[in-house]
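What follows is the residue order along each chain.
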Amino acid sequence: MSTAIPFVYHASYSQLALPRTHRFPTTKYQRLYQHAIAHQLLFEPSRHIPCAINIEALHDVHCPEYVNQFISGTLDHKAQRRIGFPWSKQLVNRTLHAVNGTVLCTQLALAQGFAVHLTGGYHHAHYDFGSGFCIFNDLIIAAKTAINSGGADKVLIFDCDVHQGDGTATLAQQYPDIVSCSIHCAQNFPSRKQHSDHDIDLNKGCSDPEYLEHIQQILPYLIRLHQPDLIIYDAGVDIHQDDDLGYFNISNQGILARDTQVISIAKSHNIPLAAVIGGGYSRNEAELTHRHSQLLIAANKVWLYK
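For the structure given in this document, a descriptive report is provided here. Just so you know, these numbers come straight off a predicted model, no measurement behind them. (Residues numbered from 1 in each chain as written. Predicted model: local features only at pLDDT ≥ 70, side-chain atom pairs only at ≥ 80, totals over all residues. Heavy atoms only, no water.)

What to know about the environment of Glu 44
And step 1. In this fold, Glu 44 is placed in the loop between helix 1 (28-38) and strand 2 (47-48).
And step 2. Separated by 37 residues in sequence, Glu 44 and Phe 7 place their C-alpha atoms 9.0 Å apart.
And step 3. Within the local environment of Glu 44, its side chain forms a polar contact with the side chain of Tyr 33, the two groups lying 2.5 Å apart. (Helix = DSSP H or I, 4+ residues; strand = E, 2+ residues; numbered from the N terminus. Polar contact = N/O pair within 3.5 Å; in protein donor to acceptor, adjacent residues only side chain to side chain.)

The structure is reproduced here in structure tokens:
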């Protein structure tokens, strides 16, 4: 084994007070972090703690008026409700650190070949509004930062969350060097789909063999077609058969196989991979932690061994 996996985590990710009936599993980030350290999937010396993102970096991708209204707590009720969270200073603090965490994750991946962020994947955030628990689009911001810094000429966002990355799709249209691919459930949120550079619409009930076959075919094709210098991978586990907000029939073994495939393909092409954990919704915290941990198991199995 060469070295431990570099990872990004900030305590604010799970420091969000929500109503008891709220469906967002805010504790899952802390639980995954603790589980990963306890089971030696990650090691504390390889942890990187992000600072809050510079507001100008948000203005570079998002409407400045929207950014400023969110930070100051002056968004109107309809816009805040569309995001899905009640506004609070905790939410602002968490958001600014989490978005920069994905930026940091991509920087680590470019330097070391692979890195993982224990949150991220805010793919429903559009230019001037947030949606579906997503406020600012960390995937686009991180990709654009990597390109602007000279770390990459072309970035592929490979989104395997069960929900289409509609915000990523619309934002990526502005940047020819950012390629968006979304593999998602056709019958799931959002009801109005946008046009990614590549959309793979799969039907409700999609099972392990069909899903994994698509992954195995599409990712090598995208690499040949676009020749990216960096892949940002949204490893959402809401594809799971028991996810509260997903309609696929993917098992724990299927999630592990998917993550293993993606990491293996990136490694075989010598392309740096920055992974974010994406969506996953369950009131069973232990089960949700186990699902997200498949990414870390795959990374230890594939990336760290020659």
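Some remarks on the packing of helix 8 (residues 208-226) against helix 9 (residues 252-268)
And step 1. The contact between helix 8 and helix 9 brings their axes to 10 Å, and the two run at 15 degrees. Judged by the angle between their axes, helix 8 and helix 9 are roughly parallel. In this structure, helix 8 crosses over helix 9, and the sense of that crossing is right-handed. Along the contact surface, helix 8 presents Asp 208, Tyr 211, Leu 212, Ile 215, Gln 216, Leu 219, Pro 220 and Ile 223, while helix 9 presents Gly 254, Ala 257, Arg 258, Gln 261, Val 262 and Ile 265. (Axes fitted to C-alpha atoms, helices over the stretch in contact; angles between N-to-C directions. Parallel < 35°, antiparallel > 145°, perpendicular 65-115°, else oblique. Left-handed = near helix turned anticlockwise from the far one by under 90°. Contact = heavy atoms within 4.5 Å.)

Quick word on the pairing of strand 8 (residues 273-276)
And step 1. Taking every second residue as pointing to the same face, both faces of strand 8 are buried, with Leu 273 and Ala 275 on one and Ala 274 and Val 276 on the other.
And step 2. Bridge analysis of strand 3 (residues 114-117) against strand 8 gives four bridges, and the strand direction is parallel. Of the residues in strand 8, the one forming a bridge with Ala 115 is Ala 274.
And step 3. Across four bridges, the pairing between strand 7 (residues 230-234) and strand 8 is parallel. Pairing of Tyr 233 across the sheet is with Ala 275, part of strand 8.
And step 4. Taking the sense of rotation as the criterion, the β-α-β connection linking strand 7, helix 9 and strand 8 turns out right-handed. (Buried < 20%, exposed > 50% of the residue type's maximum accessible area, 1.4 Å probe, protein only. Pairing = 2+ DSSP bridges. Right-handed = clockwise from strand over helix to strand, strands pointing away.)

Quick look at the environment of Ala 235
And step 1. Structurally, Ala 235 is set in the loop between strand 7 and helix 9.
And step 2. Between the alpha carbons of Ala 235 and Thr 168 there is a distance of 15 Å; along the sequence they are 67 residues apart.
And step 3. Look past the residues within four positions of Ala 235 in its chain and what remains in contact with it is Arg 258, Asp 259, Val 276, Ile 277 and Leu 295.

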